[in-house]
Protein chains: 2
Amino acid sequence: MTENLKCKGEKNIMNYQFSEKVSHLQASAIREILKFTSEPGVISFAAGNPAPEAFPVETVREIASELFQNDPISVLQYGITEGYLPLRNLMKERMTAQGNFKAESEELIITSGAQQVMELACKSMCNPGDTLICEAPSFIGSLNAFKSYNVNLVGVPLDDEGMNPELLEKALKENPNTKLIYLILNFQNPTGKTTTLKRRKELYALAQKYNTMIIEDNPYGDLRFSGEDVPSIKSMDTDGRVIYAGSFSKVLAPGIRVGYGIAPKEVISKMVVCKQVSDVQTNNFGQMLAYQFMQKVDFDAHLAKLRGIYKQKAERMLNGIAEHFSANVAYTKPEGGLFLWCTLPEGSDMSGFCKKAVQEYKIAVVPGNAFMVSESDVTYSFRLNYSTPTDEAIDKGTAILGQLTKEMFD
Amino acid sequence: MTENLKCKGEKNIMNYQFSEKVSHLQASAIREILKFTSEPGVISFAAGNPAPEAFPVETVREIASELFQNDPISVLQYGITEGYLPLRNLMKERMTAQGNFKAESEELIITSGAQQVMELACKSMCNPGDTLICEAPSFIGSLNAFKSYNVNLVGVPLDDEGMNPELLEKALKENPNTKLIYLILNFQNPTGKTTTLKRRKELYALAQKYNTMIIEDNPYGDLRFSGEDVPSIKSMDTDGRVIYAGSFSKVLAPGIRVGYGIAPKEVISKMVVCKQVSDVQTNNFGQMLAYQFMQKVDFDAHLAKLRGIYKQKAERMLNGIAEHFSANVAYTKPEGGLFLWCTLPEGSDMSGFCKKAVQEYKIAVVPGNAFMVSESDVTYSFRLNYSTPTDEAIDKGTAILGQLTKEMFD
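The rules behind these values
Residues numbered from 1 in each chain as written. Chains lettered and ligands numbered in written order. Predicted model: local features only at pLDDT ≥ 70, side-chain atom pairs only at ≥ 80, totals over all residues. Heavy atoms only, no water. Buried < 20%, exposed > 50% of the residue type's maximum accessible area, 1.4 Å probe, protein only. Helix = DSSP H or I, 4+ residues; strand = E, 2+ residues; numbered from the N terminus. Pairing = 2+ DSSP bridges. Phe/Tyr/Trp six-rings, centres within 6.5 Å; stacked < 30°, edge-to-face > 60°. Core = buried A, V, L, I, M, F, W, Y, C linked by side-chain atoms within 4.5 Å. Contact = heavy atoms within 4.5 Å. Salt bridge = Lys/Arg side-chain N within 4 Å of Asp/Glu carboxyl O. Buried area = accessible area lost by both parts, 1.4 Å probe. Polar contact = N/O pair within 3.5 Å; in protein donor to acceptor, adjacent residues only side chain to side chain. Axes fitted to C-alpha atoms, helices over the stretch in contact; angles between N-to-C directions. Parallel < 35°, antiparallel > 145°, perpendicular 65-115°, else oblique. Left-handed = near helix turned anticlockwise from the far one by under 90°. Nonpolar A, V, L, I, M, F, W, Y, C, P; charged D, E, K, R; others polar. Lys, Arg positive; Asp, Glu negative; His and termini not counted.

### A look at the pairing of strand β11 (residues 339-343) of chain A
All names here are of chain A. Summarising burial for β11: four of the five residues are buried, a large majority. Sheet analysis places β11 next to strand β14 (residues 381-385), joined by five bridges and oriented antiparallel. Bridged to Leu 340 within β14 is Leu 384.

Following this line, the structure appears as structure tokens:
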């Protein structure tokens, strides 16, 4: 590139050259779909928002008023990158009780939503070309975060017990440069599946055998509405190889953007440096609200209330599916969380189904390929969300969508 | 790396391999210093916090109360990545009036503080090894953000009119892979210097000649307390080569983490994708607060009040320096912003001076090398902040520090 080539007489209207990291990245297909589903008349099963009735509005109102009455400067002034100390201490206590935090070797960082844990972990640990293994399908936001660091993203299929261990071992053998395995073990997004205890142990053993780290992303773990809690992989971690991500988005409010990461001290200190250059710190109000909320209310009773809301909504959607869908459509029965996963008969035109659903039947769902490592990966599934729609929308929407499944697959 | 090598019988205590991007990164020296300067008895001129009395506490209290009374769900629920629409529209209006926004070709994104603009711009535009040119010295947070993407960071010295154009051209010739030039033109951090109009034009012409983009970071522009406003480089941009960063941290509150970036639509759309994978969206409360604040009060009158506060503090510090410092210490006389820059005689032990100041004299300042591309770059300067300390602390601190300068340099 010489000066002469670059300096022409005419004005240089820019021809942008984006970095390799981002030139292949597209805006999240889900969020793109969401833009259209806000149109009037469309029933959306495509979102992932908490139910509005799950927000503890009255308590939040009181806390906001108290915060700005008692300590406004602390809300407004700079805080520290690691996070608001009282919240960090409280979460350390809570996570210790759950087996997810070891004070002697680990640290906890408050992040701007759990999404930031994935970004910071990947940025801290992975060079371009390093392999990161994820469930296939998995949460699109995390997959895009990983892709934005140019890792070699490898998807390993889920079966009904979790990520398939034989296929994981095959992937680990084929990719000796694997740095991280990304797992959502409870009520996975998008499938609603929960990984069994036996499988968790197998996956951890494989991480040990092939000396990789694990990111355990647990945004929905507190939202179990049937069955029994399963110990986290973090709680089994004897080697310091698990980075744990938690969030207030589903148990308090996503708009406050507060999550947290737990990892060995050495790893957290790199994540702190990365956070410092990314957004300096998480907003104070969200952190102080989360802390005061947990102080003020019986948080476990609050969670029990949320579980009641989501149990009722999940059952309502499952009933609608059982009543209206073609028997040729399979679906998961989640024990918690916000999503279930429907699978059309093999060879179906899934994409055509989803388009027809939103365009002609005004029911929005998310096509399953949005959650695959590559959108061209074959899947016959789509995701349904039951947390956001009203009861009436669930009833009406499952009936209409069921009619379409019968027309196309009976 | 074979399986045998990696799978030993003993438990694998992890030996962490961090990414090349972050393995060389250290926590910000400023923030490290700040940790110590919170010790009782230390007068800190090392911070960069707005004056607590600059926070419009009463109005913020009212707005918070109204927001949670009138529209709590919008505060708590997910928003869109680009930012809260009313705030975006308002800022577009305001920036259009300032010549910083062109509706036909540009977009505006709300970010989690202006720091995030630097990170998103660098991530979007730069491959590892691409050159990014910055002022030497410059804002450490931005420099670290750039370093975290493994760019080739090249510092070009400032003179009293701004970045030296001959040295910039030399750097551009030597680094034909230059992607971005990073500039803080108003009351620069750390020097307090303002780039002249003539120099702005020269710098823009060089960006045109060598076909690079510019990041114009303007966190302090609204805080001019003497002299005349100088047009932004953004306002001269005919080619779409300027990314502009603005912030509410210094004119409303840093704890809310709200900033904004303006750039050609194509560039913003990549930055939106990068933000989506980083923190999904900026917290709603901060965005809604910024919007309501600008609606509710006469924002320009509010800025005038802030200018009054900082003018008084700057003058107080300048008076203290004039009265107490050794005549062999040079210093800048900022026309706005939060900082000034002192330079010891050539060959002085600047680092020793700063250590002695904090350890023996209990006055914290930031050693100038914290702001250089490499901490080993030679500088005899240090940064003083006048926005955070009280009037009494300014008086006492300049007197004590002055004594030390006389002992060491008279």
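### Examining the packing of aromatic side chains
By the definition in use, this model includes 26 aromatic pairs over all chains. Centroid distance Tyr149(A) to Tyr149(B): 6.2 Å. Interplanar angle 5°. Geometry classified as stacked. Of the two residues, Tyr149(A) sits in the loop between α8 (140-147) and β4 (152-159) while Tyr149(B) sits in the loop between α8 (140-147) and β4 (152-159), which places them in two different chains. In this pair, the class of Tyr149(A) matches that of Tyr149(B), namely buried.

### With respect to the nonpolar core
In a soluble, globular protein the nonpolar side chains are often hidden away together inside. Formed by 210 residues in total, the largest nonpolar core has its most connected members in Phe248(A), Leu384(A), Phe248(B) and Leu384(B). Among all residues touching Phe248(B), those that are not within four sequence positions of it are Leu87(B), Met91(B), Ala253(B), Ile256(B), Val258(B), Gly259(B), Tyr260(B), Ala290(B) and Met294(B).

### Observations concerning the pattern of salt bridges
Pairing between side chains becomes possible if they bear opposite charge and their charged atoms approach one another. The tally for this structure, following the rule as stated, stands at 52 salt bridges over all chains. In this structure, Lys313(B) engages Glu53(B) in a salt bridge whose closest nitrogen and oxygen atoms are separated by 3.5 Å. Of this pair, Lys313(B) sits in helix α13 (residues 299-324) while Glu53(B) is found in the loop between β1 (43-44) and α4 (57-70), placing the two residues 260 residues apart along the sequence. The class of Lys313(B) is buried, set by a relative accessible area of 2%. A salt bridge links Glu315(B) to Lys311(B); the shortest N-O distance between them is 3.5 Å. Placement of the pair is Glu315(B) and Lys311(B) together in helix α13, with a separation of four residues, close to one helical turn. Overall, Lys311(B) belongs to the partly exposed group, its relative accessible area being 32%. By sharing partners, the salt bridges in this structure join Glu53(A), Lys313(A), Arg316(A), Asp391(A) and Asp395(A) into a single network.

### Let's talk about the interface of chain B and chain A
Each partner contributes residues to the interface: chain B has 95 residues there, and chain A has 94 residues. Between chain B and chain A, the buried area comes to about 8,500 Å², and carbon and sulfur atoms account for 57% of it. One can count two salt bridges joining chain B with chain A. Ionic pairing is found between Glu119(A) and Lys123(B), a salt bridge with its closest N-O pair at 3.1 Å. Joining chain B to chain A, the criterion identifies 42 residue pairs in polar contact (both at pLDDT 80 or more). Considering every element that reaches the side of chain B that touches chain A, the biggest residue donor is helix α11 (residues 265-279) of chain B, with nine residues.

### Re the packing of helix α9 (residues 165-174) of chain B against helix α10 (residues 197-209) of chain B
Any two packed helices are characterised by how steeply their axes cross, that is the angle between the axes, and by the distance between the axes. All names here are of chain B. Remark: α9 packs on α10, axes separated minimally by 10 Å, with the N-to-C direction vectors making an angle of 15°. By the criterion of interaxial angle, the relationship of α9 to α10 is roughly parallel. For the crossing formed where α9 meets α10, the hand is right-handed. For the pair formed by α9 and α10, the contact residues are Pro 165, Leu 168, Glu 169 and Leu 172 on the first element and Arg 199, Glu 202, Leu 203, Leu 206 and Lys 209 on the second. Residues of the contact of α9 with α10, tallied by class, amount to five nonpolar, no polar and four charged.

### Focus on the side chain of Arg94(A)
Secondary-structure assignment places Arg94(A) in helix α6 (residues 85-97). Sequence-distant contacts of Arg94(A), defined by excluding residues within four places in its chain, comprise Asp222(A), Met294(A), Phe299(A), Asp300(A) and Leu303(A).

### Notes on the sheet that holds strand β2 (residues 106-111) of chain B
Whenever strands of a sheet pair, they do so through backbone hydrogen bonds, lying parallel or antiparallel. Residue and element names in this part refer to chain B. In spatial order, the strands read β2-β9-β8-β7-β6-β3-β4-β5; together these eight strands make up an open sheet with mixed pairing. The sheet is open, and its two borders are formed by β2 and β5 (162-163), each paired with just one other strand. Sheet topology places strand β3 (residues 131-136) next to β4; six bridges connect them, and they run parallel. Each bridged residue has a counterpart across the sheet, and for Cys 134 the counterpart in β4 is Gly 155.

### Focus: the side chain of Arg383(A)
Residues and elements named next belong to chain A. Along the chain, Arg 383 falls in strand β14. Asp 217 provides the closest opposite charge to the buried, salt-bridge-free Arg 383, at an N-O distance of 11 Å. Reaching out from Arg 383, the side chain makes a polar contact with the backbone oxygen of Ala 47 at a distance of 3.2 Å. A distance of 2.8 Å separates polar atoms of two side chains, one belonging to Arg 383 and the other to Asn 189.

### Observations concerning the packing of helix α4 (residues 57-70) of chain A against helix α12 (residues 284-296) of chain A
Residues and elements named next belong to chain A. In contact at an axis separation of 10 Å, α4 and α12 are set at 120° when each is read in the N-to-C sense. By crossing handedness, the relation of α4 to α12 is classed as right-handed. For the pair α4 and α12, contact is made by Thr 59, Val 60, Glu 62, Ile 63, Ala 64, Glu 66, Leu 67 and Phe 68 and by Phe 285, Met 288, Leu 289, Gln 292, Phe 293 and Lys 296, respectively. Partitioning the contact of α4 with α12 into residue classes produces nine nonpolar, two polar and three charged.

### A short note on unusual backbone geometry
All names here are of chain A. Following Ala 136, the chain continues into Pro 137 via a peptide bond in cis, with omega recorded as 5°. Residue Pro 190 is bonded to the preceding Asn 189 through a cis peptide linkage, with omega at 20°. The residue Pro 190 is located in the loop between β6 (178-183) and α10 (197-209) in this model. The phi angle at Phe 187 is positive, at roughly 50°, despite the residue not being glycine. Along the chain, the position of Phe 187 falls in the loop between β6 and α10. Taking relative accessible area as the criterion, Phe 187 reaches 1% and is therefore assigned buried.

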